[in-house]
Amino acid sequence: MRTDAVPGRPPWILVLPALAGLAFLVLPLLGLLVRAPWSTLGTRLVQPQVLDALRLSLLSATLATGLCVLFGVPLAWTLARVPFPGVRLVRALVTVPLVLPPVVGGVALLLVLGRRGLVGGWLDAAFGITFPFTTAGVVLAETFVAMPFLVISVEGALRAADLRYEEAAATLGAGRWTVFRRVTLPLVAPGVAAGAVLCWARALGEFGATITFAGNFPGRTQTMPLAVYLALETDPQAAIVLSLVLLAVSVAVLAALRDRWVGTA
Amino acid sequence: MSEGLDARLVVRRGGFALDLPLTAAPGEVVALLGPNGAGKSTALRALAGLVPMAGGHLRVDGEDLRPLPADRRGIGMVFQDYLLFPHLSALDNVAFGPRCRGAGRRAARRAAAEWLDRVGLAGYASARPRALSGGQAQRVALARALAVEPRLLLLDEPLAALDARTRLEIRAALRRHLAGFTGAAVLVTHDPLDAMVLADRIVVVEDGRLVQEGAPADIARRPRTGYVARLVGLNLYRGRAERGTVVIGGGDATLDTVDSPEGEVFIAFAPSSVALYRTRPDGSPRNLWRARVAAVERHGDRARVQLSGPPFDAVADVTPAAVAELELSEGSMIWAAVKATETHVYPA
């Protein structure tokens, strides 16, 4: 006799695809762990080209995240708080890099900021600044693909935030900049942080736009994903080691995101 | 130059229109009393600069505030659910206003500490809003609004979010602080008791319009709309008075009175002055009618009996013992009576 209202066992027509999907997601990661050259892992990790790529990846991803926050937060605020004609179109444009193949993004960047690009040519002529095939180019490519993550996350937080706190601040004599700095920003801080982490993870894994726009020069523009791809042809063991490092970083980011923001927000 | 608040607030939002004249002298507390959706809070938000005015005027101490944005009006506001900034301590919440008005960090915090002390929360300076009880949060919100030394203080349902017992204490404390406040104050409430206790003058708003204005005692004694009459617990009818008799309900019924006004009048009497009988009583001439019991409900230590017409609806308060004795139940017919001396008649 049944004592509670729990329905019968879950239908196999749902359970089987679920298990298959899970296996599909987890097995490649397990494969990476199984085939890893554990005995030589230590020595391979400290090889100069690995360390160079890792250093460059962490540096460029962090700088790109900084740029995303610097420009993305005001952009998100404008989209959420300033009613202007065409706001829906602008919002759609902001999300384009999200669905655009990164290689296309790289080509587009090259056309605009390349040495002969629309803006790049002028920058080169006037200031002698060039982006393609430099570390700065890596940062720009990563910023381009990562910024939508931050804008979407922060705009969502801004829309969810209670506007009346801003009204209360206004009655206390706070102008709009003060309201933003002392009330709005602290209230959406979890959203900014979550967006920044997503940004950073996306920038760290960036491949297509980077290799198209910045090339593949060890020590200068060769980030971890590029190094993995290159190593796969010459030294598969090294590729596995580099992949493991990226996997470890991703898992760490995911864990941080879960505990700090996703769980409490 | 006129001191205090002098305003006519005209706000249009969709199908709703507010047009409310409103004045408050320095040191005076004016309560806006009205049902939900009457436009009380909209009026307050118009004063604060949080909704645009479609017309009218707004002056405080002679200065035209209408062109100024909210942050430059010098008005303090206590919000219904306080809206203390959750990321700031109680002290920094109170110091927020002085900081925005140009005080240095230390001066602002010193002033804030004084205000917290004044509302009896000196020990809670470092507490975050979520650690405060409802009553404490209300006092911090009051301190925060007063710390900007406003010329006009606005309070939006300042007691509505509190439970019944806290409400009593906080109402008494709020009354003390309002008494010590030298500027004009406007309070929005839907609770007549809050309005009676806290305000020097009550402005009754219904459907965006002023329907009655006066001292609390006057409002309580001489309600002019059904809403106010229900609030203050009186039976109220409009009619024509002639030689001590008031014809109400378009001639369906009359009530005798000892008051003297003639012509268009209101006639009011308290539910407790209505006597109920199972059979037609004999004796002294009084207003007597046959009524149907529509409902019997508990009302404090009395029972409130809703009587429905014809000839007219009324409310009677009797003891629970009387309910049993009269065998009152919904739908039963009884006799109701009010002495002429218990009615109060005043010009409409």
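For the structure, see preceding data.
Things to note about the overall build of chain A
Alright, step 1. Of the regular secondary structure elements, chain A holds 13 helices and zero strands.
Alright, step 2. Viewed in the frame of its principal axes, chain A has a C-alpha envelope of about 85 × 65 × 30 Å.
Alright, step 3. Looking at chain A as a whole, 35% of its 265 residues are labelled buried.
Alright, step 4. Once local pairs closer than 6 in sequence are excluded, the contacts in chain A between residues at least 24 apart make up 75%.

Regarding the overall build of chain B
Alright, step 1. Counting secondary structure elements, chain B contains nine helices and 20 strands.
Alright, step 2. Taking all 348 residues of chain B together, 41% fall into the buried category.
Alright, step 3. Sequence separation of 24 or more characterises 65% of the internal contacts of chain B that already satisfy a separation of 6 or more.

Examining the pairing of strand 10 (residues 209–214) of chain B
Alright, step 1. Where strand 9 (residues 201–206) of chain B meets strand 10 of chain B, five bridges bridge the pair, whose relative direction is antiparallel. When the sheet's bridge partners are listed, V205 of chain B is paired in strand 10 of chain B with L210 of chain B.

Brief notes about the interface of chain A and chain B
Alright, step 1. The interface is formed by 14 residues belonging to chain A together with 16 residues belonging to chain B.
Alright, step 2. Among the secondary structure elements, those contributing two or more residues to the side of chain A that touches chain B are helix 8 (163–171) and helix 9 (176–187) of chain A.
Alright, step 3. Among the elements that take part in the side of chain A that touches chain B, helix 8 of chain A stands out by supplying six residues, more than any other.
Alright, step 4. Per-class residue counts for the side of chain A that touches chain B are eight nonpolar, four polar and two charged.

Some points on the sheet that holds strand 7 (residues 152–156) of chain B
Residue and element names in this part refer to chain B.
Alright, step 1. Here six strands make up an open sheet; going across it, the order is 6-7-8-3-9-10 and the pairing mixed. Only two strands of the sheet have a single partner each, and these edge strands are strand 6 (75–78) and strand 10. On average, each strand axis in the sheet is tilted by 20° relative to the strand beside it, whichever way the strands run.
Alright, step 2. In the sheet, strand 7 pairs with strand 8 (residues 184–189) via five bridges, with the strands oriented parallel. Within the sheet, the bridge partner assigned to D156 lies in strand 8 and is V188.

Observations regarding unusual backbone geometry
Residue and element names in this part refer to chain B.
Alright, step 1. Its identity is not glycine, yet D61 carries a phi of approximately 50°, on the positive side.
Alright, step 2. Phi is positive for D207, close to 55°, though the residue is something other than glycine.
Alright, step 3. Tracing the sequence through the fold places D207 in the loop between strand 9 and strand 10.

Considerations on helix 10 (residues 189–204) of chain A
Alright, step 1. Helix length check: helix 10 of chain A (16 residues) gives 22 Å between terminal C-alpha atoms against 22 Å at 1.5 Å per residue, within 8%.
Alright, step 2. Burial within helix 10 of chain A is extensive, with twelve of its 16 residues counted as buried.

A short note on the nonpolar core
For soluble globular proteins, the rule of thumb is that nonpolar side chains tend to be buried together.
Alright, step 1. Grouped together as the largest cluster of nonpolar side chains are 110 residues, with contacts concentrated most on A31, L47, V94, L116, L154, V186 and L187 of chain B.
Alright, step 2. Looking at which element gives the most residues to this core, the answer is helix 4 (residues 134–146) of chain B, with seven residues.
Alright, step 3. Every residue in contact with L116 of chain B, bar those within four places of it in the chain, is listed here: A90, L91, V94, L121, A122, Y124, A125 and A143 of chain B.
Alright, step 4. Listed in part, the 40 residues of the second largest apolar core include L109, A196, L204 and A214 of chain A.

Side note on helix 8 of chain A
Alright, step 1. Buried residues dominate helix 8 of chain A, accounting for seven of its nine residues.
Alright, step 2. Considered for burial, the residues of helix 8 of chain A that qualify are Y165, E166, E167, A168, A169, A170 and T171 of chain A.
Alright, step 3. In this structure, the buried side of helix 8 of chain A is in contact with helix 9 of chain A together with helix 1 (40–48) and strand 6 of chain B.
Alright, step 4. Following helix 8 of chain A by one or two positions, G173 of chain A adopts a phi angle in the positive range, close to 100°.

Rules behind the numbers
Residues numbered from 1 in each chain as written. Chains lettered and ligands numbered in written order. Predicted model: local features only at pLDDT ≥ 70, side-chain atom pairs only at ≥ 80, totals over all residues. Helix = DSSP H or I, 4+ residues; strand = E, 2+ residues; numbered from the N terminus. Buried ≥ 20, exposed ≤ 12 C-beta atoms within 10 Å, placed from the backbone. Contact = placed C-beta atoms within 7 Å. Pairing = 2+ DSSP bridges. Nonpolar A, V, L, I, M, F, W, Y, C, P; charged D, E, K, R; others polar. Axes fitted to C-alpha atoms, helices over the stretch in contact; angles between N-to-C directions. Expected span 1.5 Å × (residues − 1). Core = buried A, V, L, I, M, F, W, Y, C linked by C-beta atoms within 7 Å.

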